[in-house]
Amino acid sequence: MIRPIALTLALTLLTALPAAGDGSPLERAILDELNAARTAPRAFAGHLEEYRSHFQGTNYLVPGSRTRIITREGTKVVDEAIRFLRRQRPLAPLTWSDGLSRAAAELVREQEANGTTGHGSGSTGMRLRIDRQGRWERTIGENVSYGPDEARSVVMQLIIDDGVPGRGHRKNIYTPSFGVAGAACAPHPVFGTACAIDFAGGFTDQ
């Protein structure tokens, strides 16, 4: 089964990081934050509560700067995400997959070059990218974040899922059947940074 894929766009003025390869510190940190959110969702809700305290209307004011992040739903969706985390039962942590990281890297490196967003199409579509790297088990899915260049901010953005009616990113993070994941980040010419996370029930590299 292929899980639904989800996309979020963040309008930010954050500075982009240099291109990162498989298993860079940022990419590994994203997995760590995903696992913190999966294994202790109630504790992770505290990060969202602190984030909520910096809103002015629908704008998030970055602490210590004049940067404003424009959101679509404001604190309403943050409160929804906090309630979700408080109810969510803990899940098993995800294991890092080099193959899934390479599949994610194909996407963000292409978008670094052409400035597009989304999950790719044709030969760069999610399933074909993952299939090129190895054999997946049971289910696959993908999240893509635009804007944040810090691991916890990437994961928080995906859990909050501002402007995504189906909250597809959040659902992917809390899918019990996902057991492995790989992340990749690269500069994006429009949004500063793009980070993709590919998930699977299991994965064997080529």
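The coordinates are above.
The text that follows walks through the structure, step by step, so that each part is easy to find.

Calculation rules
Residues numbered from 1 in each chain as written. Predicted model: local features only at pLDDT ≥ 70, side-chain atom pairs only at ≥ 80, totals over all residues. Heavy atoms only, no water. Helix = DSSP H or I, 4+ residues; strand = E, 2+ residues; numbered from the N terminus. Buried < 20%, exposed > 50% of the residue type's maximum accessible area, 1.4 Å probe, protein only. Contact = heavy atoms within 4.5 Å. Areas by Shrake-Rupley, 256 points an atom, 1.4 Å probe, with all protein chains shown as cover. Core = buried A, V, L, I, M, F, W, Y, C linked by side-chain atoms within 4.5 Å. Disulfide = S-S within 2.5 Å.

### Notes on the overall build of the chain
Right, on to step 1. Secondary structure assignment for the chain yields seven helices and eight strands.
Right, on to step 2. Counting across all 206 residues of the chain, residues that qualify as buried make up 53%.
Right, on to step 3. Intrachain contacts of the chain at a sequence separation of at least 6 include 76% that bridge at least 24 residues.
Right, on to step 4. Summing over all exposed atoms, the chain offers an accessible surface of approximately 9,000 Å²; the carbon and sulfur share of this is 54%.

### Topic: the nonpolar core
Right, on to step 1. Counting 38 residues, the largest nonpolar core has Ile-30, Leu-48 and Ile-159 as its most contacted members.
Right, on to step 2. Counting residues per element, the ones that place at least two in this core are α1 (25–39), α2 (41–52), α3 (75–87), α6 (151–160), β7 (180–188) and β8 (192–205).
Right, on to step 3. Ranked by residues supplied to this core, first place goes to α6 with seven residues.
Right, on to step 4. In contact with Ile-30, not counting residues within four places along its chain, are Ala-151, Val-154, Val-155, Ala-183, Cys-185, Cys-195 and Ile-197.
Right, on to step 5. Core analysis: the next-biggest nonpolar cluster, separate from the first, contains 11 residues, Leu-107, Val-144, Tyr-146 and Ala-184 among them.

### Quick look at the state of the cysteines
Right, on to step 1. Under the counting rule described, the total for this entry stands at one disulfide.
Right, on to step 2. Across the disulfide, Cys-185 is cross-linked to Cys-195 (sulfur-sulfur distance 2.1 Å). Because the torsion about its S-S bond is 115°, the bridge between Cys-185 and Cys-195 counts as right-handed. Here Cys-195 lies in strand β8 and Cys-185 lies in strand β7, a separation of 10 residues in the sequence.

Distances and angles like these do not, on their own, reveal function.
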